[in-house]
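Report on the structure
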Amino acid sequence: MTPLIDVLLVLLIICMVVTPLKPKGLETLLPQPPQAPAEAAGPDRTVVVSIARDGSLTINAEPSAESSLGSRLRDIFKTRAERAVFIKAHPDLEFQHVARAIDLAKGAGIDRIGLLTATVDSGK
């Protein structure tokens, strides 16, 4: 009886080690190009907050002040179910401006925030 229990314990340990664990990582979010021309005719669902070299902000090419960014984002996402925004900053800009925009977006209740880089923006 003892050898049978030993065999069962060894099999149990092997099954525990072999069982793959779910990989953990960061969720990434990339803007997707429109699938068909019919979708392009509809309203643009992607919200991009751009930060220029001088620190000025634009939301989908509309100028915005940093003090009103949170309220503008709240108004934009008031009726939307998907709360995702992308932040695009000039490469020479200090990260504190990007961090401030992320903080304001989180404060506005946005769940998912993506960062656009030059590679992502060019479509590569």
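Since the structure is predicted, the reported quantities are computational estimates derived from the model, not experimental observations.

What follows covers the side chain of serine 64. When you line up the elements, serine 64 lands in strand β3 (residues 62-64). Discounting residues that sit within four places of it in the chain, serine 64 has contacts with Leu57, Thr58, Ile59, Leu69 and Arg72.

Our focus in this paragraph is the nonpolar core. Ranked by internal contacts, the top residues of the largest apolar core, which has 16 residues, are Val49, Ile51, Leu69, Leu73 and Val85. Those elements that provide at least two residues to this core are β1 (48-51), β2 (57-59), α3 (69-76), β4 (84-89) and α4 (95-107). Looking at this core element by element, the count peaks at three residues for α4.

Turning to the environment of alanine 61, a few remarks are in order. Topologically, alanine 61 is positioned in the loop between β2 and β3. Residue classification places alanine 61 among the exposed positions, given a relative accessible area of 71%. Between the C-alpha atoms of alanine 61 and valine 49, which are twelve residues apart in sequence, the distance is 8.3 Å.

Our next topic: α3. The set of residues buried in α3 consists of Leu69, Gly70 and Leu73. Taken around the axis of α3, the buried residues stretch over an arc of 100 degrees, which confines them to a single face. Buried residues along α3 sit in contact with β1, β2, β3, β4 and α4.

In this section: the packing of α3 against α4. Two elements in contact, α3 and α4, have axes whose closest approach is 8 Å; the angle formed by their N-to-C orientations is 45 degrees. In terms of orientation, α3 lies oblique with respect to α4. The interaxial crossing formed by α3 with α4 has right-handed handedness. In contact with Leu69, Gly70, Leu73 and Arg74 of α3, α4 contributes Ala101, Leu104, Ala105 and Gly107.

It is worth spelling out the sheet that holds β2 at this point. What the five strands build is an open sheet, ordered β3-β2-β1-β4-β5; its pairing is mixed. Single-partner strands in this sheet number two, and they are β3 and β5 (112-116). Direction aside, neighbouring strands of the sheet carry axes that sit 30 degrees apart on average. Pairing analysis gives three bridges linking β1 to β2, with the strands arranged antiparallel. Across the sheet, valine 49 pairs through a bridge with isoleucine 59, a residue of β2. Against the sheet, α3 engages β1, β2, β3 and β4, with an angle of about 5 degrees to β2.

For the rest of this paragraph, the subject is the pattern of salt bridges. The final tally for this structure, using the stated rule, is four salt bridges. The partner of arginine 53 in a salt bridge is aspartate 92, and the shortest N-O contact between them spans 2.6 Å. Highlighted residues: arginine 53 in the loop between β1 and β2 and aspartate 92 in the loop between β4 and α4, separated in sequence by 39 residues. On the basis of relative accessibility, which here comes to 54%, the residue arginine 53 falls in the exposed class. The exposure class of aspartate 92 is exposed, given its relative accessible area of 54%. Close ionic contact of arginine 72 with glutamate 62 constitutes a salt bridge, the shortest N to O distance being 3.1 Å. Within this pair, whereas arginine 72 is found in helix α3, its partner glutamate 62 is found in strand β3, the two being separated by ten residues in sequence.

Definitions and limits used
- Residues numbered from 1 in each chain as written.
- Predicted model: local features only at pLDDT ≥ 70, side-chain atom pairs only at ≥ 80, totals over all residues.
- Heavy atoms only, no water.
- Helix = DSSP H or I, 4+ residues; strand = E, 2+ residues; numbered from the N terminus.
- Contact = heavy atoms within 4.5 Å.
- Core = buried A, V, L, I, M, F, W, Y, C linked by side-chain atoms within 4.5 Å.
- Buried < 20%, exposed > 50% of the residue type's maximum accessible area, 1.4 Å probe, protein only.
- Arc of directions from axis to C-beta.
- Axes fitted to C-alpha atoms, helices over the stretch in contact; angles between N-to-C directions.
- Parallel < 35°, antiparallel > 145°, perpendicular 65-115°, else oblique.
- Left-handed = near helix turned anticlockwise from the far one by under 90°.
- Pairing = 2+ DSSP bridges.
- Salt bridge = Lys/Arg side-chain N within 4 Å of Asp/Glu carboxyl O.

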